[in-house]
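# Overview (structure and organization)
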Amino acid sequence: MPRAPSRHDHFPRFDAERRAGLRRAAADAAAVWRAADSAPGGLVAAMDALADAPADVAVERLLPWLDDIGWLRARLDAALALLAADPFARPPLRPVGQGGGAGGLILAERGAIRLTLQLTPFAPAKSPPAPAASLVFVPGRATYRVLAAGGALLCPYRVAVGAGEAAGGFTAAAAATCRAGPPRPLVEGAILHLDTARQGFTLAAARGDVLLLELAVQPPSPLPVRSYDVASGRLVHVSASRRGASFRGVALTLLRQLGRTDAAPLFAAETQAGDFAARWHAMRELVALNPAAAHPLLAAMAARDPHAEVRRAAAATLALFPPSGETGRKGGGGPGPCTSPAPSAPYRRDDAPPCRA
């Protein structure tokens, strides 16, 4: 059968001059925006000046970029002009999300501060879309300006976090459940302020596109990122809130899937991380990758880890090891699952009461 035509068939692969022009146009636009952002009073300059400020202070001082969005309109007009001149232009804006679903553009990002334009496109369907399955709470602050409400309902959620938990004493066993509040109409032009460690929302019943301008400040925190099942309100997952630990966790998972047993020292180093969720993630991956290398570290974790739930999970995993200290597949590693997977006690809580509105 003949191959279906694609828009990529028209890309100027053999027109070097045109491709060079596309690159120059994008580079020129990026240079203009970069100069404006870095100048005194510019967006990035303001973000840099607030690098060490508390999250609520940083949000308050950056609100002018949400109040007056003339700069954003000008930037989007410039991006559209590039595309009008050549449909294969690539405006210097970083996309996030996936095609066909919720996504957007990262407008500026410096350290823990990010300004994002978020679009939830409306797609008529024969049946209502399924509600969000989970809701994530990230330590920090966020403010949203509603640019287009789309007739949507805002469904708020809240989860209690005690002072001791915020200071590093969080445990899955004692974690509160999330609670849903009454839905209310999303109002165009409204400003929404959230303590994102404790507050979140979903959108429902939209009749058009929803466009939000989000300013988020998420500094490193001893409180982990927590994911809750929306239907029940139960805590279902915990992960490290520090960005570096999160990136390293993703890298370790990839190394384990690739069967890189030679990388075991990297896993071992991360089992000493400051975030308890990062330590346990590294240990679980190391058990799956190289059980023999994991065994002594797992024994030490079961005996001395400062987090009680990590100690218990390590002890439970240690009990799966035969006296020889080896378990799982022979040779370790590889893309398949470990035959004796480490339990995920610090990550899941299946006995929590349901969420109550």
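Residues numbered from 1 in each chain as written. Predicted model: local features only at pLDDT ≥ 70, side-chain atom pairs only at ≥ 80, totals over all residues. Heavy atoms only, no water.

### Notes on the overall build of the protein
- Each helix and strand in the protein was counted, giving eleven helices and 13 strands.
- Of the contacts formed within the protein by residues at least 6 apart in sequence, a portion of 70% connects residues at least 24 apart.
- Looking at the protein as shown, the accessible area adds up to about 18900 Å², and 59% of this sits on carbon and sulfur atoms. (Helix = DSSP H or I, 4+ residues; strand = E, 2+ residues; numbered from the N terminus. Contact = heavy atoms within 4.5 Å. Areas by Shrake-Rupley, 256 points an atom, 1.4 Å probe, with all protein chains shown as cover.)

### Let's talk about the side chain of Thr116
- Inspection of the secondary structure puts Thr116 in strand S3 (residues 113-120).
- Under the relative-accessibility criterion, Thr116 is labelled buried at 5%.
- The contacts of Thr116, once residues within four sequence positions are left out, are Val96, Leu105, Ile106, Leu107, Leu212, Leu213 and Glu214. (Buried < 20%, exposed > 50% of the residue type's maximum accessible area, 1.4 Å probe, protein only.)

### Structural notes on the environment of Leu83
- Structurally, Leu83 can be placed in helix H5 (residues 70-85).
- Among the residues examined, Leu83 registers a relative accessible area of 35% and is labelled partly exposed.
- For Leu83 and Leu22, which are 61 residues apart along the polypeptide, the C-alpha to C-alpha distance reads 9.8 Å.
- Excluding its chain neighbours within four sequence positions, the residues that come into contact with Leu83 are Ala89 and Pro91.

### Observations concerning the pattern of salt bridges
- Applying the stated rule across the entire model yields 13 salt bridges.
- A salt bridge links Arg114 to Glu109, with the nearest nitrogen and oxygen atoms 3.0 Å apart.
- Bridged by salt links that share partners, the residues Arg94, Glu109, Arg114 and Arg243 form one connected network. (Salt bridge = Lys/Arg side-chain N within 4 Å of Asp/Glu carboxyl O.)

### So, the nonpolar core
- One finds Tyr157 and Trp280 to be the most contacted residues of the largest nonpolar core, which totals 37 residues.
- Core analysis: the second largest hydrophobic core is formed by 26 residues, Leu43, Met47, Trp65 and Leu147 among them. (Core = buried A, V, L, I, M, F, W, Y, C linked by side-chain atoms within 4.5 Å.)

### Some thoughts on the sheet that holds strand S4 (residues 134-137)
- Pairing in this open sheet of three strands is antiparallel, and the strands run S4-S12-S13 from one edge to the other. Whereas interior strands pair on both sides, the edge strands pair on one side only; in this sheet they are S4 and strand S13 (235-239). For this sheet, the mean inter-axis angle between neighbouring strands, taken without regard to orientation, is 20°.
- Where strand S12 (residues 225-229) meets S13, four bridges bridge the pair, whose relative direction is antiparallel. Within the sheet, the bridge partner assigned to Val225 lies in S13 and is Ser239. (Pairing = 2+ DSSP bridges. Axes fitted to C-alpha atoms, helices over the stretch in contact; angles between N-to-C directions.)

### What about the packing of aromatic side chains?
- Across all of its chains, the model carries three aromatic pairs by this definition.
- Ring centres 5.4 Å apart and planes at 90° place the aromatic pair Phe137 and Tyr228 in the edge-to-face group. Taken as a pair, Phe137 in strand S4 and Tyr228 in strand S12 lie far apart in primary sequence, 91 residues in all. The burial state of Phe137 is the same as that of Tyr228; both residues are buried. (Phe/Tyr/Trp six-rings, centres within 6.5 Å; stacked < 30°, edge-to-face > 60°.)

### Let's talk about the packing of helix H9 (residues 276-289) against helix H11 (residues 308-318)
- Packing of H9 against H11 leaves a shortest axis separation of 11 Å and a crossing angle of 10°. Comparing their axes, H11 and H9 come out roughly parallel. Where H9 approaches H11, its residues Phe276, Trp280 and Val287 are matched on the opposing element by Val310, Ala313, Ala314 and Thr317.
- Grouping the amino acids of the contact of H9 with H11 by side-chain chemistry returns six nonpolar, one polar and no charged. (Parallel < 35°, antiparallel > 145°, perpendicular 65-115°, else oblique. Nonpolar A, V, L, I, M, F, W, Y, C, P; charged D, E, K, R; others polar.)

### Here's the deal with the environment of Ala299
- Its location among the elements puts Ala299 in helix H10 (residues 291-304).
- Relative accessible area serves as the criterion here: at 29%, Ala299 is assigned to the partly exposed category.
- Along the primary structure Ala299 and Leu318 are separated by 19 residues, whereas in three dimensions their C-alpha atoms are 6.7 Å apart.

### Some details on the sheet that holds S3
- One open sheet accounts for six strands, arranged S1-S2-S3-S11-S5-S9; its pairing is antiparallel. Among the strands making up the open sheet, the edge pair consists of strand S1 (94-97) and strand S9 (191-195). Geometrically, the sheet is characterised by an average inter-axis angle of 25° between neighbouring strands, direction not taken into account.
- Summarising the sheet, strand S5 (residues 141-148) and S9 pair through five bridges and their orientation is antiparallel. Within S9, the residue paired with Thr143 across the bridge is His193.
- Here helix H3 (residues 55-62) sits on the sheet in contact with S3, S5 and strand S11 (210-217), set at roughly 130° to S11.

### Examining the confidence of the model for the protein
- Residues of the protein with pLDDT of at least 70 account for 85%, and the chain-wide mean is 87.
- Confidence, read as mean pLDDT per element, is least for S1 in the protein (86) and greatest for S5 (98).
- For residues 326-357, every residue scores under 50 in pLDDT, and the model assigns this stretch 89 contacts once sequence neighbours within four places are set aside. (pLDDT = per-residue confidence, 0-100.)

### Some words on the packing of helix H7 (residues 243-257) against H9
- Their axes nearest at 10 Å, the elements H7 and H9 cross at an angle of 5°. Judged by the inter-axis angle, H7 sits roughly parallel to H9. Residue-level inspection shows Ala245, Gly249, Leu252, Thr253, Leu255 and Arg256 of H7 in contact with H9, the latter providing Ala278, His281, Ala282, Glu285, Ala288 and Leu289.
- Looking at the contact of H7 with H9 residue by residue, the class counts come to seven nonpolar, three polar and two charged.

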